[in-house]
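Residues per chain are reported as follows:
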Amino acid sequence: MVPITKDWLKQYGQEHLLNFESHWTTEQRLKVLAQLASIDFDLIRRLAANNSEELDGSRLASMADPPPSVRIGQEHRQFSSQSAKQAGEAALRSGQIGMILVAGGQGTRLGFDRPKGLFSIGPISGRTLFQMHIDRLLAVMKRYEVSIPMYVMTSPATDAETRAYFDQESRLGLKADQLNIFCQGTMPAIDATSGRILLSGPTEIAVSPDGHGGLVSAMASSGCFEHARKRGIDHFFYAQVDNPLVEVCDPLLIGYHLLSHSQMTTQVVRKRFPKEKVGNVVSVEGKVQIIEYSDLPDTVAEQILPDGSLKLWAGNIAVHVFDRGFLESVVESIDGLPFHRASKAVPFVDDAGKLVKPVSPNAIKFERFIFDLLPLAERAFVVEADATKVFAPVKNADGESVDTPADTRRALLALHRHWLTIAGAKVKDGVSVEVHPNWALDLDDVRKKITPGLLFEADTYLR
Ligand code: UTP
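Think of each chain on its own: its residues are numbered from 1, step by step along the sequence as written. Under the rules for a predicted model, residues below a pLDDT of 70 receive no local features and side-chain atom pairs below 80 are neither given nor counted, while totals for whole chains, interfaces and linings still include all residues. The basis for the side-chain values is all heavy atoms of the structure; hydrogens and waters are excluded.

## A word on the sheet that holds strand S6 (residues 190–191)
The strand order across the open sheet formed by three strands is S6-S18-S15, and the pairing between neighbours is antiparallel. Two strands lie at the open edges of the sheet, namely S6 and strand S15 (340–344), each paired on one side alone. Pairing between strands requires that DSSP locate at least two bridges from one strand to the other. Here a strand is any run of E in DSSP of at least two residues, a helix any run of H or I of at least four, and the numbering for each starts at the N terminus. Examined bridge by bridge, S6 and strand S18 (residues 363–367) share two bridges and lie antiparallel to one another. Bridge pairing in S18 links Asp-191 to Ala-363.

## Quick look at helix H8 (residues 215–222)
Between buried and exposed lies partly exposed: a residue is buried under 20% and exposed over 50% of the maximum accessible area for its type, with that area taken using a 1.4 Å probe on protein chains only. For H8, every residue scored as buried is listed here: Leu-215, Val-216, Ala-218 and Met-219. Residues of H8 that are buried make contact with strand S2 (97–102), strand S3 (150–154), strand S4 (179–183), helix H9 (224–230), strand S10 (235–240) and helix H12 (324–332). By the convention used here, residues are in contact when the closest approach between their heavy atoms is within 4.5 Å.

## Observations regarding the site of the ligand
Around the ligand, 18 residues are found, and the nearest of them are Gly-104, Thr-108, Arg-109, Gln-184 and Lys-395. Here an oxygen atom of the ligand and a backbone polar atom of Gln-106 are 2.9 Å apart. Whenever two N or O atoms come within 3.5 Å, that pair is a polar contact, provided that in protein one can donate a hydrogen and the other can accept it, and provided that, for residues adjacent in sequence, both atoms are side-chain atoms. Within the backbone of Gly-211, an N or O atom sits 2.9 Å from an oxygen atom of the ligand. About the coverage of the ligand: the protein hides 88% of its 560 Å² of free accessible area. Classifying every residue of the shell around the ligand gives five nonpolar, nine polar and four charged. Only a single heavy atom is needed: when it lies within 4 Å of a molecule or strand, its residue is near that molecule or strand. Note on areas: Shrake-Rupley, 1.4 Å probe, and residue coverage restricted to the protein chains presented here. Each residue gets one label: Ala, Val, Leu, Ile, Met, Phe, Trp, Tyr, Cys and Pro are nonpolar, Asp, Glu, Lys and Arg are charged, and the others, such as Gly, are polar.

## Considerations on the nonpolar core
Within this scheme, the nonpolar core is defined by two criteria: the residues are buried Ala, Val, Leu, Ile, Met, Phe, Trp, Tyr or Cys, and they are joined through side-chain atoms within 4.5 Å. Core analysis: the biggest nonpolar cluster contains 70 residues, and Met-99, Phe-130, Phe-237 and Cys-249 have the highest contact counts within it. Here this core takes nine residues from helix H6 (residues 129–144), the largest share from any one element. When sequence neighbours within four positions are dropped, the list of residues in contact with Cys-249 reads Leu-92, Ile-97, Met-99, Leu-137, Val-140, Ile-148, Phe-237 and Ile-254. Grouped together as the second largest cluster of nonpolar side chains are 36 residues, Phe-236, Val-330, Leu-337 and Ala-377 included.

Without other data, these values stay purely geometric and don't point to any function.
So this is what it looks like as structure tokens:
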């Protein structure tokens, strides 16, 4: 390996990174050199030169068609919903499915100073986001009499606290061999004007998690793929920690994935209006991909079909099923995943060693997105679900207009009220009932437990 010196860094315009080296102790020197050695300076130069690897959204949008999919209330011409559910259940029962939960984000919008998975969201129970997912996973394991390993991705921002939390809470009921926590990589932040990598302190590079798309390389380097391979896990159900409504290991979604021989299957919801702020799942020249709402020209977004419905109808909710072999092939593929740029205000140490805290964006952060895997798949499939049953992410702090903790709790209670009411119970107006997955995992379970006419007059936690 080339020794990292000021002269060597000069070729990349990054020699300032060693500005303070005369003040360093040996230990500090080793730490900084290790950090520098982990940076791909050629990549940073390419990204900084705005040699953007991003897809040109508006060009793609002009060619976009609806993706190959199965819609709610319609049967697919090749495989029925019944056969899909059976295939999914059989795969679960035979132990071919693992679960991935990504929890490496910094949760800046929520403004919670701990990893978001530790945020209390259960409307009555106060269960955390991690608990909500794991309670469901445990109920799925019980139903299918199988052990399902869980792969939890953290980042340097969330890793230590997440591990401590799982230790303290006895892994929330998972067995030691069912919980695999692994840490994603980071990318340096660069100054938006000069392209220079920022220092967050005299001995520290400013870095941030490399996006949920960092999953693929982190699973490879942490040995999670190998772990899964050895256990006969051929497919992963993927969810993000901030959405506690996710139907963990949904057999229907898994079944469609299997029957369509898809490498990546995505659950979507119907967009409520043309420019809704979601990624649009579309098909361009036979490849399924996502176009951000901001890249969708109004005229394209507003196209309607003869029946009056939106042509580009499918909104991404970040629930996927992956073929393990496909994910592993992406690690090796030279295409990899592109990096996206985000303008952010990043505190930094200037050349005089002074800490500057900008109030407006001064820096570019680089992230990979998991959904950029879609166009790399030779076969991808899309399954529509009802947003009220599967999607209520915690993104923003209470007081904001959408995706707040209050919205998520309301959505959870509305879903549980819906189950109880359909099953014949009565829930008085204003009364909250929260259902623990151990009591009932879904409507079918609720039906078995409820005597029609049962009245809920006070807040109740069914567990
Ligand atoms: P978001 O893009 O909503 O980011 O992540 P966030 O970090 O939770 O929140 P903000 O944008 O800072 O307010 C969606 C999901 O992807 C995970 C998050 O933990 C969340 O489950 N994620 C995001 C990662 O695991 N790693 C990342 O680098 C980014």
